[in-house]
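Fold and geometry: a report
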Amino acid sequence: MDIAHQVPELVLAHELRSCVNKMPQLSTQFLQKHRELRLAHLALSVMTMGYVWQESENDTVEMLPCTLAVPFWEVSQRLGLPPIITHAGVVLANWRKKDPEGPFDMENLELLLSIPGGESVRGFFIVTLMVEIAAIPALRSIPKVINGARCGDSKAVATALEEISQSIDSMAVRLKLVQVHVDPSVFYGIMRIFLSGWKDNPCMPKGLVYEGVQTEPMEYSGGSAAQSSLLHCFDELLGVKHEDKSGAFLTRMRNYMLPAHKQLIQDISLQPSLRTFVQEQANEHLTEAFQECVAKLLALRSYHITIVTRFVTIPAAKARQLRNQSRDSEAEIISKAPTALEERGTGGTGMMSFLKTVRDQTRDALLPKTRKEMEHHS
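Now for a quick tour of the structure. (Residues numbered from 1 in each chain as written. Predicted model: local features only at pLDDT ≥ 70, side-chain atom pairs only at ≥ 80, totals over all residues. Heavy atoms only, no water.)

**Brief notes about the overall build of the protein**
When helices and strands are tallied, the protein shows 19 helices and four strands. Rg of the C-alpha trace for the protein: 22 Å, near the compact-globule value of 21 Å for 378 residues, within the 12% margin. Over its C-alpha atoms, taken along the principal directions, the protein stretches across nearly 65 × 55 × 45 Å. Each of the 378 residues in the protein was classed as buried or not, and the buried ones make up 52%. Put simply, the protein shows about 17,500 Å² of open surface, and 53% of that area lies on carbon and sulfur atoms. Mean positive and mean negative side-chain charge positions of the protein (40 and 43 charges, respectively) differ by 2 Å. (Helix = DSSP H or I, 4+ residues; strand = E, 2+ residues; numbered from the N terminus. Rg over C-alpha atoms; globule rule 2.2 N^0.38 Å. Buried < 20%, exposed > 50% of the residue type's maximum accessible area, 1.4 Å probe, protein only. Areas by Shrake-Rupley, 256 points an atom, 1.4 Å probe, with all protein chains shown as cover. Lys, Arg positive; Asp, Glu negative; His and termini not counted. Charge placed at Lys NZ, Arg CZ, Asp CG, Glu CD.)

As structure tokens, then:
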């Protein structure tokens, strides 16, 4: 934990690898409770990312030493998570309230552990956590939708869908805080590489050997918003279909979620089609509530594209331009960003085409009349 708390400073001083190499071999047998395992996974993941990317893309390692690799593998096996940084760790298990009695808000929340990037790291992870918290009413309403549809109760379904719409709206409001609390040049130039994995990453084409676990290298995707179970739940409920590459990537990201979260998505997917129920009922209030829900999800995804443009696409273009020019401090940070990540998300996808495809597939879930209207407007 001492080393985990100092990851940003040790990376900056180029000393994290030597500290890890001197660590004793840790035993995981005394970790019993779920919370202890989650904290261990978080600490080991932050140290692993710092170890691998200490020298950015210039001097990547081919092997994670057994002092980190063995306990990380064991803890991951017990939790059903992969041995790499995940949304379940760095967002869902990486916070505490400064005042335990105080509210769940930006001022009262702090991170347990960090990666290089200063206050922008706190801003990025805490805002993401706030988006998750805003989704709680929606998650609670999903069973109401399913049970209402089973009983043929249009009114109950419509009311629950309205609750989900409001909740998705709150998520969008929280997501906008990213623009206030995160500096795009710091996110792009410093933080992103520490969220990047060793699958579909040109910097580490062979993956990473986990020493003491197996001799063959393993490949894992980095942390990604696609690992949040929220939008997967909404997609399954509303009948949003993701095909081809985007669908395959989203399905693979479910292996980076806690098993109970993955199971919830699976359970929702096995229910009868809500879209069909809405069409069969031909109830104006219900139809409106369904369409509004899909429209809110579509708006959230469109806004995510705006954020990615600001935090990745624009800095990437700037970085390409600046590598040959004189630099101010912001330019200095951006121009040092890893070139291999210019077109890719930290999960390894070709990012813009992926996000636009997912948004368009969300639009396809709208019932025909509104879809035509929305296509006309966009």
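**Thoughts on unusual backbone geometry**
Of note in the backbone geometry, histidine 14 takes a positive phi value of approximately 60° without being a glycine. Within the secondary structure, histidine 14 is located in the loop between α2 (7–12) and α3 (16–21). Note on histidine 14: relative accessible area 48%, which makes it partly exposed. Even without a glycine there, the phi angle at aspartate 244 is positive, about 55°. Topologically, aspartate 244 is positioned in helix α13 (residues 244–253).

**Some words on the packing of aromatic side chains**
The description of an aromatic ring pair rests on the distance of the ring centres and on the angle between the ring planes. All told, the structure shown has six aromatic pairs when counted by the stated rule. A ring pair is formed by tyrosine 210 and tyrosine 220, whose centres lie 6.0 Å apart and whose planes are at 85°; its orientation type is edge-to-face. Here tyrosine 210, found in strand β4 (residues 209–210), pairs with tyrosine 220, found in the loop between β4 and α12 (229–238); they are ten residues apart in sequence, far enough to count as distant. Of the two residues, tyrosine 210 and tyrosine 220, both sit in the buried class. An aromatic cluster is present here, built from Phe124, Phe125, Phe187 and Phe311 joined pairwise through their rings. One cation-aromatic arrangement involves arginine 17 over tyrosine 51; the distance from NZ or CZ to the ring centre is 5.8 Å. (Phe/Tyr/Trp six-rings, centres within 6.5 Å; stacked < 30°, edge-to-face > 60°. Lys NZ or Arg CZ within 6 Å of the ring centre and 35° of its normal.)

**Remarks on the environment of histidine 181**
Its place among the elements puts histidine 181 in helix α10 (residues 178–181). Residues histidine 181 and glutamate 9, 172 residues apart in the sequence, show an inter-C-alpha distance of 21 Å. If we skip the residues at most four places from it in the chain, histidine 181 touches Met106, Glu119, Ser120, Gly123 and Val127. (Contact = heavy atoms within 4.5 Å.)

**Overview of the nonpolar core**
Formed by 118 residues in total, the largest nonpolar core has its most connected members in Leu161, Ile164, Trp198 and Leu274. By residue number, the principal contributor to this core is helix α16 (residues 284–322), which donates 16 residues. With near-sequence residues (within four places) excluded, isoleucine 164 lies in contact with Ala138, Ser141, Ile142, Val145, Phe234, Leu237 and Cys293. (Core = buried A, V, L, I, M, F, W, Y, C linked by side-chain atoms within 4.5 Å.)

**Quick notes on the pattern of salt bridges**
Where charged atoms from two side chains of opposite charge come close, those side chains can pair. In this structure the tally under the stated criterion is eleven salt bridges. Note that arginine 17 and aspartate 59 form a salt bridge whose closest N and O atoms lie 3.4 Å from each other. Here aspartate 59 lies in the loop between α4 (34–53) and β1 (63–64) and arginine 17 lies in helix α3, a separation of 42 residues in the sequence. Residue classification places arginine 17 among the buried residues on the basis of a relative accessible area of 11%. Between lysine 199 and glutamate 219 there is a salt bridge whose closest N-O contact spans 4.0 Å. (Salt bridge = Lys/Arg side-chain N within 4 Å of Asp/Glu carboxyl O.)

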